[in-house]
Amino acid sequence: MTAVQFGVLGPLAVTTDAGEPVVVPGAKVRVLLADLLTNRNQVVSADRLIDDLWGDDSPANPTGALQVRVSQLRKALNDAEPGARDLVESRAPGYLLRAGTVDADRFAELARHTDVGRLTEALALWRGEAYADVADAEFVRAEATRLAEQRLAVHERLAEARVARGEHDLAAADLAELVARNPLHEGLRAVQLRALYAAGRQSEALDSYTDLRDRLADELGLDPSPELVALHRRILEQDAGLSAPPKAAIIRNSLPAQLDELVGRAEALTELRALLPGQRLVTLVGPGGVGKTRLATEAARTQSPPDGVLLVELAPLPAGDPGVAEQVLGALDVREAAGASLSPTDRLVTALRQRHLLLVLDNCEHVVEAVAALVARLLRDAPGVRVLATSREPLGLTGELLWDVPPLSLPPSDGDPDAVRRSAAARLFAARAAAQQRGFRLDERTAPAVAQLCRRLDGLPLALELAATRVRALGVQGVVERLDDRFRLLSTPQRDVPPRQRTLTAVIGWSWDLLDEADRQVLARLAVFRDGCTPEAAELVCRTDLDALARLVDRSLVVLDDAPDGPRYRLLESVAAFCLDRLDDADEVRTRHAGYYTELAERADPELRGPEQRRWLALLDAETANLRAALTHGGGLRLAVALSWYWYLRGRLTEAGRALAVTGDPEQERRAALWRVGFALLRGAAVAPADVRAAVAGDPGGRGAWFAANALIEHSDLALAMELMPADVDTWTEAAVLASQAKIAHVAGDQATLERTATRSATLFAEIGDRWGRLQATEWVGGLAEMRGDHERAAALHAEGLRWAEELRLWPQVCTELSWLAWLAVQTRDYPQARELAERAYHLAVQQDAPGALVFAELSLGLAARRDGKLDLAVTHLGNLAERGRAEAQTALYLPPVLVELGHAIEQGGDPDAALALHVEAFEAAEAMAAPRDAIFALEGMASAVRVPEVAARLLGAATAARLATRSPCAPAERDEIDRVTRRLRAALGPDRFDALVAEGTKLSPGEARAQL
C-alpha cells in the first residue's frame, strides 16, 4: 500500500514519503478528509459524510456531490504519490480511509513511555491545536478534545519526570504557560506546586495554590481536592520530602512489578489516569478474564497520592467471608495491639483517617457485601482515601463511578492483515504467541486465523493469552480448529498464574458458583439465543423477569448492549458454551425459542410492506442468528415461509432456498411452493414452465404468485411472466405487478405503458408507505427519463434511489442503483466516474452474492472501461457476460447490449469482421425479444464494423429513423460513437453520396436494414 503521512496535531497536513506537502484543494474536501481521519480505518456512511459536510444546506444531489469531493481527494493524493488514491476506499455503506501513518497515533505511542526524551518527542509532534483548520466542525470536536486532554496529560507527566530528575526550574517554566491556559487543571497545579517548592520558590507555590482555590470557589463553587490541600499543608510545613518528589509514595507503593507490556489499553489507561484523582470510588467492572486487575494496577501505577498506593488482593478470601478489613490491615502491616477492643474496621479507619492514599481492592465480587460495607465507612470517615475496586458486579454505593472494562477491539472478519494488526485483540494474541514461539508472526498467512480466533474468544485478554500458550504445539490454525472444545484447550501450565485463571472453565466457573440456583437456570437458558435477544424474548423463552436479568448483567455474566431498537442481552461465546453444558431443560427451551421467533417473523411479514419497513428490517437483521437457530429448533416450513419476503429484500437467495426445502403441512406446502419456484429462478436455476404454472395455480391471486411471475423476468421469459401476473389483488400486489409491467415495457421500448405503469406503481407504493416498492417504481421512472434523453433527471432519481436503498440496507438494490448511475455517467461522457461507480457496484454484488445485480454491475464496468479506452478490461468483462447470457435457456435480456459493446471493443481492437458478427447476433437477439432500442444499438454497431461504406451509411439512416420512431434520442456518448462512424464514411463516400445513402436508409425498417448485409 502506498504510504502517505497524515497530520492532525495542528492544521490538517498531508505529506508524501519524501516529506513533500500534498495540496488538498477546497474547504469541503479538507472537511471530508478530516471526517475520514477522525474515523480512520473505519467505514463512514455516505449519509453521515453528507450531513457532516453540508448539514441542513445539502446540495440537490448530495450523493453525487459527495462522490465529486471523494474523487477530488483521491486525485490530490494520487497526484502527489502514485497509487495513493487507493487509500480512500469505497466500501458500503460509504467510504474508508486507510491511514497507515498519522501523527496522532505516533503521539499516542510515544505518550505511553515515561522517560523525558520520549515524552518530549511526543509533544514536539504538535503544530497547534488538533484539527485547527476544521475545529468548528461538530464531528471533530470530541476527537480534538480527547487529543487535547492527552496532550495535557503528557505535559503533566513530563513535568513530573523533570522534577524527579531535579530539573525543578525547567519544569516550573514549562508549566507556567500551561497552567495559565488551564487554570482549573488540578493535576498541572499539583506538579507546578512541587516544582516551585523544590526550586526554592515557596511563595510562588503558595500564590499558585491561592489562585487555584479562589478560581475554583468563584467559577465552580468547589474546594481544591484533598490531595492538593495536603500538598499545600506540606509546603506550609516546609516538608523536606517535597524537594525530591514523592519518595514516600514510592516506598508505600505495593503494586507488583510490570512483567510484560499491557497491550491494547492505551486509551483506557489515559482515561482512567485522568479520572482517578478526582473520584473517591471507581469500580472497574467486567466479565472474568477481561483484564480488570491488570488495567487497575497500571492505572494506579502513575498515581502519586502523598501516602502511596496500596493493592489488596481479595481472591484468597472464601466466598462471603466478612474479613475484608483484616485483609487490608494485613497489607498495611498494622498489627492488633494486646488488649485492644476496637473492631478490625474501626482499627482500619483509625489507621487511615489522616492518610492520603489510593486503595486498590482487587476481585471483590465474591465478598461484595463486606467490601461495600467497608468502603462506605472509609469514604465517610477517612476523607484522604480514594478507592479503585475491580469486581464482576458493582459495589452499589452512593458516589460509585462504574467503569466498564470492555473486551479488546476485534479485527474484521475478512482477515485483512493490515486491519488485523490494528486490532488490540490480535496485537495481544500475537505478542503472547511470539513469546511462546519465537518464529510466530502476524502476517498474510496467519492473519485470517488470528482474526477468527479473536472473534470467537470475544476479545477477552485472558482467553487470548491462554490460547497463545497452545500455538507452540498446535499452530494458530490448530488452535482455531479446536475452539469448539475450548474448555479442554484453553488452559495454561504457567505456575505463577492463580488457579482460578489457569483454565477458561475456572474463570467462568468462579462467577457461576456465586449464583443461586434460579439465576443459574436463567443464565443457562439464555445460552440458546444467538447474538443476544430483547428483554421480551428473554422473559418469554427463559421464563424469567427483568430483575433476574439485571442481576446477571450486574455480575458481568450477561452483556447489555444498547441497540438502536432498544437494549439487548448477550452472552459472550465462551460463557454461552459453558452454560449450554449445564442446560437441563434444553428441548423445552429450544421449543419456546422457535415458537417466539416464528411468531415474530409472522408479525414482521406484513410490516415489511408498509411505513414501518425500515424498523422491521433492522429488527430482523438484529435477530438473524436467532432466526437461523429457530429454523433448526423446530420453526420449520412455517417460519421459512414467514421469512421469505425478508430474505428476498436482503438478497439471501441461497439461504431462502435451503430453508424452504423442508416439508410441512399442506397449507404451508401450498404457500411455500411459490417461494421455492421464485427463489430458484432468481438463483438462476432452470424451472420448467409447467412447474411455475402449477405453483401459481395453488395461489393465483396472492403475493407469492406475483413473486414467482416477477422472477421469470430475470430469466427473460417475459411472455410467461405477463401471463402469470395476478389480477384482482390487494393494493400492494397491484403496485408490485405494475412495477413488473414497467420493467417489461422498458425492455419493449413501450414508453406509454412504461410511463403509466411506473408512475401508478410509485403513487400506490407511496400511499402504502413501502419504500422498497417506491424504489422499484422509481427505477423505471428513471429508466424512462434516460430513454428520452433526460439524463439529469434520471441521475437525480437514481441518486435518490441509492440513498433510499442505503438507508434500508438493501444491498442488491444499492448495486443496481450504482450501476444505473454508472450507465448514466457513461452516457454523459464522465468515464472515470462511471468506472468508480461500476467498481463499487461490482464489488458489492460479489460480496452480497447477488446474481442479477452482478450482471448489471459488470455490464456497467465493461461499458465504462471500453469508453475510457481500456479495451482489454472491457473485453474481459463483456466476454464473461456474453458467455453467461448465451448459456441461458431464454435469450437473456442483457445479452444484446453486452454483444453491442463487446462488438465495439473488438472493432476498436482491430477485428471488424468479428465485431460485425457480434452486432448481428445482438440485433437478432433484440428482435427475438421485441426490444427495439437494443436493435437500434445493434444497427449502429453494424454500421461501425461493416466493410462496405454504402451499407454502413444505410444502416445509420435506418437507425436514425428508428430512434425518431421510438423517441430514443442519442446520449452524448452514443453521439460520439455515431460521429466517429460518420466521419469515416463521409471521408470514404464524400458528403453528398453519404447524405443520400443515409436518406435511403431512413426509409428502411430495422429488419430491412439488417438484410443489407
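About the cut-offs
- Residues numbered from 1 in each chain as written.
- Predicted model: local features only at pLDDT ≥ 70, side-chain atom pairs only at ≥ 80, totals over all residues.
- Heavy atoms only, no water.
- Helix = DSSP H or I, 4+ residues; strand = E, 2+ residues; numbered from the N terminus.
- Buried < 20%, exposed > 50% of the residue type's maximum accessible area, 1.4 Å probe, protein only.
- Contact = heavy atoms within 4.5 Å.
- Pairing = 2+ DSSP bridges.
- Polar contact = N/O pair within 3.5 Å; in protein donor to acceptor, adjacent residues only side chain to side chain.
- Salt bridge = Lys/Arg side-chain N within 4 Å of Asp/Glu carboxyl O.
- Expected span 1.5 Å × (residues − 1).
- Core = buried A, V, L, I, M, F, W, Y, C linked by side-chain atoms within 4.5 Å.
- Axes fitted to C-alpha atoms, helices over the stretch in contact; angles between N-to-C directions.
- Phe/Tyr/Trp six-rings, centres within 6.5 Å; stacked < 30°, edge-to-face > 60°.
- Lys NZ or Arg CZ within 6 Å of the ring centre and 35° of its normal.
- Parallel < 35°, antiparallel > 145°, perpendicular 65-115°, else oblique.
- Left-handed = near helix turned anticlockwise from the far one by under 90°.

## A short note on the overall build of the protein chain
If you tally the helices and strands in the protein chain, you get 50 helices and 13 strands. In terms of overall dimensions, the protein chain has C-alpha extents of about 125 × 70 × 55 Å along its principal axes. Out of the 1013 residues in the protein chain, the part that is buried amounts to 54%. Sequence separation of at least 24 residues holds for 68% of the intrachain contacts in the protein chain that already meet a minimum separation of 6.

## A closer look at the sheet that holds strand 1 (residues 5-7)
The three strands lie next to each other as 2-1-6, forming an open sheet whose pairing is mixed. The open sheet has two edge strands with one neighbour each: strand 2 (13-15) and strand 6 (101-102). Relative to strand 2, strand 1 runs antiparallel, the two being bridged by three bridges. By the bridge assignment, F6 is partnered in strand 2 with V14.

## A look at the side chain of S716
Here S716 is to be found in the loop between helix 34 (703-714) and helix 35 (718-724). When its relative accessible area of 9% is taken as the criterion, S716 is described as buried. Only 2.9 Å separates the side chain of S716 from the backbone nitrogen of L893, close enough to count as a polar contact. In this structure, S716 is in contact with E888, Q890, T891, A892 and L893, ignoring residues within four places of it in sequence.

## Digging into the pattern of salt bridges
Tallied over the full model, the rule gives 70 salt bridges. One salt bridge in this structure joins D105 and R40, with 2.9 Å as the shortest N-O distance. Residue D105 is located in helix 4 (residues 103-111), and its partner R40 is located in the loop between helix 1 (27-38) and strand 3 (43-45); the two are separated by 65 residues in the primary sequence. Using a relative accessible area of 35% as the deciding quantity, one classes D105 as partly exposed.

## With respect to helix 39 (residues 791-808)
Taking 1.5 Å per residue as the helical rise, helix 39 with its 18 residues ought to reach 26 Å, and the 25 Å between its terminal C-alpha atoms agrees with that figure. For helix 39, the full list of buried residues reads H791, A794, L797, H798, A799, G801, L802, W804, A805, E806, E807 and L808. One or two positions beyond helix 39, positive phi appears at R809, with a value near 60 degrees.

## Quick word on the nonpolar core
Grouped together as the largest cluster of nonpolar side chains are 235 residues, with contacts concentrated most on F429, L526, W645 and F679. In terms of residue count, the dominant contributor to this core is helix 30 (residues 624-649) (13 residues). Excluding its chain neighbours within four sequence positions, the residues that come into contact with L526 are C533, A538, C542, L549, L552, V558 and L571. With 53 residues, the next largest nonpolar core counts L9, L33, A65 and A122 among its residues.

## Some details on the sheet that holds strand 5 (residues 94-97)
What holds strands together in a sheet is hydrogen bonding between their backbones, with the strands either parallel or antiparallel. The strand order across the open sheet built from three strands is 3-5-4, with neighbouring strands paired in antiparallel fashion. Edge positions in the sheet fall to strand 3 and strand 4 (88-91), since each has one partner strand and no second. Taking each pair of neighbouring strands and ignoring which way they run, the sheet shows an average axis angle of 30 degrees. When strand 3 meets strand 5, the two strands line up antiparallel, connected through three bridges. By the bridge assignment for strand 5, V43 is matched with L96. Across the sheet, helix 1 touches strand 3, strand 4 and strand 5, and the angle it forms with strand 5 is around 75 degrees. Packed on one face of the sheet, helix 3 (residues 62-80) meets strand 4 and strand 5 and runs near 145 degrees to strand 4.

## Details of the packing of aromatic side chains
Counting across every chain of the model gives 22 aromatic pairs. Centre to centre, the rings of W512 and F578 are 5.7 Å apart; their planes meet at 70 degrees, and the pair counts as edge-to-face. Placement of the pair is W512 in helix 23 (residues 504-512) and F578 in helix 27 (residues 573-580), with a sequence separation of 66 residues. When its relative accessible area of 11% is taken as the criterion, W512 is described as buried. Since its relative accessible area comes to 2%, F578 is described here as buried. Where W706 meets W772, the ring centres are 6.3 Å apart and the plane angle is 75 degrees; that geometry is what we call edge-to-face. Separated by 66 residues along the polypeptide, W706 in helix 34 and W772 in helix 38 (residues 771-787) bring together distant segments of the chain. W706 gets classed as buried once you look at its relative accessible area, which sits at 2%. A relative accessible area of 6% places W772 in the buried class. What links up through ring pairs into an aromatic cluster is the set W645, Y648, W675, F679, W706, F707, W732, F765 and W772. Between R582 and the ring centre of F578, over which it is positioned, the NZ or CZ distance is 3.5 Å. Geometry around W732 places R609 over its ring, the cationic atom sitting 4.9 Å from the centre.

## Remarks on the packing of helix 36 (residues 731-748) against helix 38
Put simply, helix 36 and helix 38 touch, their axes get as near as 10 Å, and they point 25 degrees apart. In terms of axis orientation, helix 36 runs roughly parallel to helix 38. Where helix 36 crosses over helix 38, the handedness of that crossing is left-handed. Taken together, the residues of helix 38 that come into contact with helix 36 (itself represented by W732, A739, A742, K743 and H746) are W772, Q776, W780, G783 and M787.

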